[in-house]
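Here are the chains, one letter per residue:
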Amino acid sequence: MTVLKKEKNREKLIMAVRRENNVKFTVTCGFSWWTILCVMTGSIVGISLGLLCCIYVATLHENDLWFSNIKEVEREISFRTECGLYYSYYKQMLKAPSIQQGLYELIHDDTTESKRTINILQRMNIYQEVFLSILYRILPIQTYLEPIYFYIYTVFALQTVYVIALFITSWLLSDSWLAGALSGVWYILNRVDTTRVEFTISLRENWSIPFFALQVAAITCYLRPQLKPIHQRVVLWLVFVSTFCFCLTWQFNQFVLLVQALIIFTLDCLDFLTAEQVVSLYLMQVLSLLLVWLLQFCNSMILGSLVLSFIVSALFIKHFQTGLKTGGFVIRVGKLALHTLLVLTLTFTINYSAKKILQLKSDEHIFKFIKAKFGFGATRDFDASLYLCEEAFGLLPLDTFERLAGTVLLYPYLCTLSVLFILLLLVALSNLSTNGSGQASREKEDRTFRIRPDVAYNLLHTVFFGLLAFSTMRMKYLWTGHMCAFAAFGVCGKEVWSLYLRVLHCNTKTTMRLIRYSVPIVILAFLYYKFWPRLMEEISELREFYDPDTVELMEWIRLKTPKRAVFAGSMQLLAGIKLCTERILTNHPHYEDQALRERTRQVYQIYARQSAEEVHKVLCSVGADYIVLEDSICYERRHSRGCRLRDLLDLANGHIMDGPGENEPDLIPATHPRFCEAIKTDMPPYSTLFTRVFKNKTFNVYKLKKLKKKNKAENGP
């Protein structure tokens, strides 16, 4: 009997184990299939939203200009200001007899700046134009896709990449693809504040910011807890590739990476990241910058960048301060203050030394602008004033927040930001209160309030870039896109809701799940109901490109002037002249060169109070054959007094400004009339030195008369 009982008990135990294993297997398989289904659904939604954004901006561009029905010259004129300059190199590469010849002409360019041969690949970030031109040559698409469409469709396709990157970031943070859907919808609905790609196609930021968003998504993945080492290595490669693409496509990459390096430095000091993570992220930035430095033929502006100096300083000081994260609260705070001071001191020392050794002055106008912008003394510097007077470089307008609130983006963003920022401060204080021992590490894991490293990074990312956007409106495009992803994470993530539910004493799994899925669905339904009719109305609105005066000017230059003629004028117009007519320029909008900035200031004397002889001498020194005068600049009313181009020139020359208003006491009256006005009188000496050869309602073109040697001797050198 005993044996039989034992056998029966054994059989029961075996059956129980089998049933338990079957249950476990069923649950595991169910969870696996559910995960696969969620990933597939989320991926389809993310790609669909990205394609929707691409089609949306492409449709707006087509409808605004009637792009498919206007002439080629009108299409090219639509690439305003520096956009035209960048696109001209794509066009130049396509017209070259071969790829090798096209690259040679870019490396030995003598048409962008008269009397100078420059390396365009070194001076400008145009590898994207080179890559696209090569791709267009080798792909069998020439018969059914025009080069200009291949170019603009590629830029619009990058908006797909951008939306998908935001989708991934919010999905990773919240563990819900609904957050990704919400971030993508918010990005599209807030197009006015998230992108301007539909009317500034060739701007470097439209190429680079999608890669920056990919980099942020990769960093978010890299900082996720419990990520396996092999996965960390793969994600680090993604961080490197996206950082490299971002750096290669935008000349202002160093300033953006500096902000990001400061974020990593802050997280390191507050003990949110491991030493391995900090060093790895720093190295990805450095390697990307150095690779771009090599591709740009050892561009000294990269070696003299603040971000490189900062990273070198941070790693150097960190290596020798081994006991930085030990001791009590007061001791640790004191150590961190000393650590920060040492890093900043060494950063400015290295940067100053590097610029002196390299004789680097390419970015000095930016620091003059920053100095004047933040109130460290007024400036009459012409280059800095050009930036200060542009609306894009002013403070963020308050109506931005009205638009963001209208799409229900601002409210969840501010709630998420405020709650998590307070939580970050509490966790940071707790981290600084520990002494770095193993016991302290175990205490960290058992805390009631915690914040994940990936959440902490994205929180500081939105704070730092938000401050940058507040100070400079043009930088808002680095902030508003990430703002969509961060707000969507707040709506769909567990972190914020768990704190709210704890306060209400109803923090159960069922309640949490109900809120995390119902709230985003309600918001999406509301956004669809409110904004879908507006989107349909917007994309059905048809306009047409109309700029007959500029078209007439370009056609006249192309047909009536020599192919090697040199033109002087405003930077914005000259970029269009290079694109549409392929004539030689005296100056252009790419401002990151000290010699070019000085030349531009000299050429702009055509709008200052200068004598005819002085202006003629300056223009001859830069090799100009023609000058194009624009009434919109000569009689400018767009800017207020003190910010008109003629005012900036008067101030730089020490002359009293036009019109009623106060002038600084050291300014003196000019001894000559304004050149752009006086030349229209056709009185000597203007008629002696210049001949008007073209005129319409907007432009006046004058040809320079070459002085005989006898006259040159009389007028002096």
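Here, residues in each chain are numbered from 1, in the same order as that chain's written sequence. Per-residue local features of the predicted model are confined to residues with pLDDT of at least 70, and side-chain atom pairs are confined, for both listing and counting, to 80 or more; whole-chain, interface and lining totals are unaffected and use all residues. Excluding hydrogens and water, the side-chain figures rest on all heavy atoms present in the structure.

Visitor: Help me out: how do you make sense of the overall build of the protein in this one?
Guide: Only DSSP runs of H or I reaching four residues or more are called helices, and only runs of E reaching two or more are called strands; each is numbered from the N terminus. The number of helices and strands found in the protein is 34 helices and 5 strands. On the principal axes, the C-alpha backbone points of the protein span a range of 135 × 60 × 50 Å. Note on exposure labels: buried denotes an accessible area under 20% of the residue type's maximum, exposed denotes more than 50%, and partly exposed covers the range between, all computed with a 1.4 Å probe on protein chains only. Counting only residues that meet the buried cut, the protein has 52% of its 717 residues in that class. Any two residues whose heavy atoms approach within 4.5 Å are treated as being in contact. Considering only intrachain contacts with a sequence separation of at least 6, the fraction spanning at least 24 residues in the protein is 72%. Roughly 34,000 Å² of accessible area belongs to the protein as shown, and the carbon and sulfur atoms make up 65% of that amount. Positive: Lys, Arg. Negative: Asp, Glu. His and the chain ends are not part of the count. To locate a charge, the coordinates of NZ of Lys, CZ of Arg, CG of Asp or CD of Glu are taken. Positive and negative side-chain charges in the protein, numbering 78 and 62 respectively, have mean positions lying 7 Å apart. Only the protein chains shown count as cover for residues, and all accessible areas are computed by the Shrake-Rupley method using a 1.4 Å probe.

Visitor: Explain the state of the cysteines to me, please; I cannot follow it from the model alone.
Guide: Defined simply, a disulfide is a covalent bond joining two cysteines at their sulfur atoms. Disulfides are defined as cysteine sulfur pairs within 2.5 Å. Taken as a whole and judged by the stated rule, the model has 2 disulfides. The partner cysteine of Cys-634 in its disulfide is Cys-676, sulfur to sulfur 2.0 Å. Given an S-S torsion of about 80°, the disulfide between Cys-634 and Cys-676 has right-handed geometry. Of this pair, Cys-634 sits in helix α30 (residues 631-634) while Cys-676 sits in helix α32 (residues 675-678); the two residues are 42 residues apart in sequence, bridging distant segments of the chain. Its relative accessible area of 3% is what places Cys-634 among the buried residues. Here the disulfide map of the protein reads 1-3, 2-4, the bonded cysteines being numbered as they appear in the sequence. This cysteine, Cys-83, is not joined by any disulfide, and Cys-580 carries the nearest cysteine sulfur, 13 Å off. With a relative accessible area of 4%, Cys-83 lands in the buried category. Here Cys-221 stays free of any disulfide, with the sulfur of Cys-38 as its closest cysteine sulfur at 18 Å.

Visitor: Would you take a moment to explain the nonpolar core for this structure?
Guide: Note that soluble globular proteins tend to have their nonpolar side chains buried in a common cluster. What is meant by a nonpolar core is a set of buried Ala, Val, Leu, Ile, Met, Phe, Trp, Tyr and Cys residues, joined one to another through side-chain atoms within 4.5 Å. Among the nonpolar cores identified, the biggest contains 173 residues, and Tyr-151 and Trp-186 are the most heavily contacted of them. If we ignore the near neighbours within four places in the chain, the residues touching Tyr-151 are Phe-79, Tyr-87, Tyr-90, Glu-129, Leu-132, Ile-201, Ser-202, Arg-204 and Trp-207. Met-571, Tyr-604, Ala-612 and Phe-690 belong to the second-largest nonpolar core, a separate cluster that totals 36 residues.

Visitor: Can you walk me through the pattern of salt bridges in this structure?
Guide: If charged atoms from side chains of opposite charge come close, those side chains can pair. We define a salt bridge as a side-chain nitrogen of Lys or Arg found within 4 Å of a carboxyl oxygen belonging to Asp or Glu. Per the counting criterion, the structure on display carries 35 salt bridges. When the shortest N-O distance is used, the salt bridge between Asp-399 and Arg-403 registers 3.5 Å. Of this pair, Asp-399 and Arg-403 both sit in helix α19 (residues 399-406), 4 residues apart, which is roughly one turn of that helix. Using a relative accessible area of 37% as the deciding quantity, one classes Asp-399 as partly exposed. Note that Asp-650 and Arg-674 form a salt bridge whose closest N and O atoms lie 2.8 Å from each other. Highlighted residues: Asp-650 in helix α31 (residues 645-653) and Arg-674 in the loop between α31 and α32, separated in sequence by 24 residues. The class of Asp-650 is buried, set by a relative accessible area of 0%. Judged by its relative accessible area of 1%, Arg-674 falls in the buried class. Sharing partners across several salt bridges, the network here consists of Arg-609, Arg-646, Asp-650, Asp-658 and Arg-674.

Visitor: Is there a simple way to think about the side chain of His-339 in this case?
Guide: Position of His-339 among the secondary structure elements: in helix α16 (residues 329-358). Among the polar contacts listed, one links the side chain of His-339 to the side chain of Gln-321, at a separation of 2.4 Å. Leave out the neighbours within four places in its chain, and His-339 touches Phe-265, Cys-269, Ile-317, Lys-318, Gln-321 and Leu-324. As used in this structure description, the phrase polar contact means that two N or O atoms lie within 3.5 Å; if the pair is within protein, one of them must be able to donate a hydrogen and the other to accept it, and residues adjacent in sequence are counted only when both atoms belong to side chains.

Visitor: Whenever I open this one, the environment of Ile-141 confuses me. Can you help?
Guide: Counting through the fold element by element, Ile-141 comes out in the loop between α6 (127-138) and α7 (147-174). By relative accessible area, which is 12% here, Ile-141 ends up buried. For the pair Ile-141 and Tyr-477, spaced 336 residues apart in sequence, the C-alpha separation works out to 33 Å. For Ile-141, the residues in contact, after removing those within four places along its chain, are Tyr-136 and Phe-150.

Visitor: Is there a simple way to explain α6 in this structure?
Guide: Quick reminder: α-helices carry 3.6 residues per turn. Residues three or four places apart thus point the same way. The first and last C-alpha atoms of α6 sit 17 Å apart over 12 residues, in line with the 16 Å expected at 1.5 Å per residue. By the burial criterion, the buried members of α6 are Tyr-127, Gln-128, Glu-129, Val-130, Leu-132, Ser-133 and Tyr-136. How far a helix is expected to stretch is found by multiplying one less than its residue total by 1.5 Å.

Visitor: How should the environment of Trp-66 be read in this particular structure?
Guide: Structurally, the position occupied by Trp-66 is in the loop between α1 (2-65) and α2 (72-77). With a relative accessible area of 39%, Trp-66 lands in the partly exposed category. Separated by 477 residues in the primary sequence, Trp-66 and Arg-543 place their C-alpha atoms 6.5 Å from one another. With sequence-adjacent residues up to four places away left out, Trp-66 is seen in contact with Arg-543 and Glu-544.

Visitor: Hey, could you run me through a nonpolar patch on the surface in this one?
Guide: A contiguous nonpolar patch, built from Phe-329, Val-330, Val-333 and Leu-429 and spanning about 350 Å² of accessible area, is present on the exposed surface. Among the elements that make up the nonpolar patch, the one with the highest residue count is α16 (3 residues). As for its placement among the helices and strands, Phe-329 is situated in helix α16. Patch criteria: residues need more than 30% relative accessible area and no salt bridge. Like-charged residues are merged within 9 Å; nonpolar side chains of Val, Leu, Ile, Met, Phe, Trp and Tyr are merged within 5 Å.

Visitor: How should I be thinking about the pairing of strand β5 (residues 699-704) in this particular structure?
Guide: When a strand is regular, its side chains alternate between the sheet's two faces. Where burial is concerned, most of β5 is hidden: 5 out of the 6 residues are buried. Two strands form a pair only when DSSP identifies at least two bridges running between them. Relative to β5, strand β4 (residues 690-695) is paired through 5 bridges, and the arrangement is antiparallel. Looking at β5, one finds that Phe-690 is bridged to Leu-704. Here β4 hands over to β5 after 3 residues, the two strands then running antiparallel side by side.

Visitor: Can you walk me through the confidence of the model for the protein in this structure?
Guide: Low pLDDT means the predicted coordinates in that region are not meant to be read closely. The predictor attaches a confidence to each residue, and that confidence, scored 0 to 100, is pLDDT. On average, residues of the protein carry a pLDDT of 89, and 92% of them reach 70 or more. pLDDT under 50 marks residues 17-31. Its contacts with residues more than four places away, or in other chains, come to 0 contacts. Note that residues 710-717 has pLDDT below 50 and, in this model, 3 contacts with residues that lie over four places away or in other chains.

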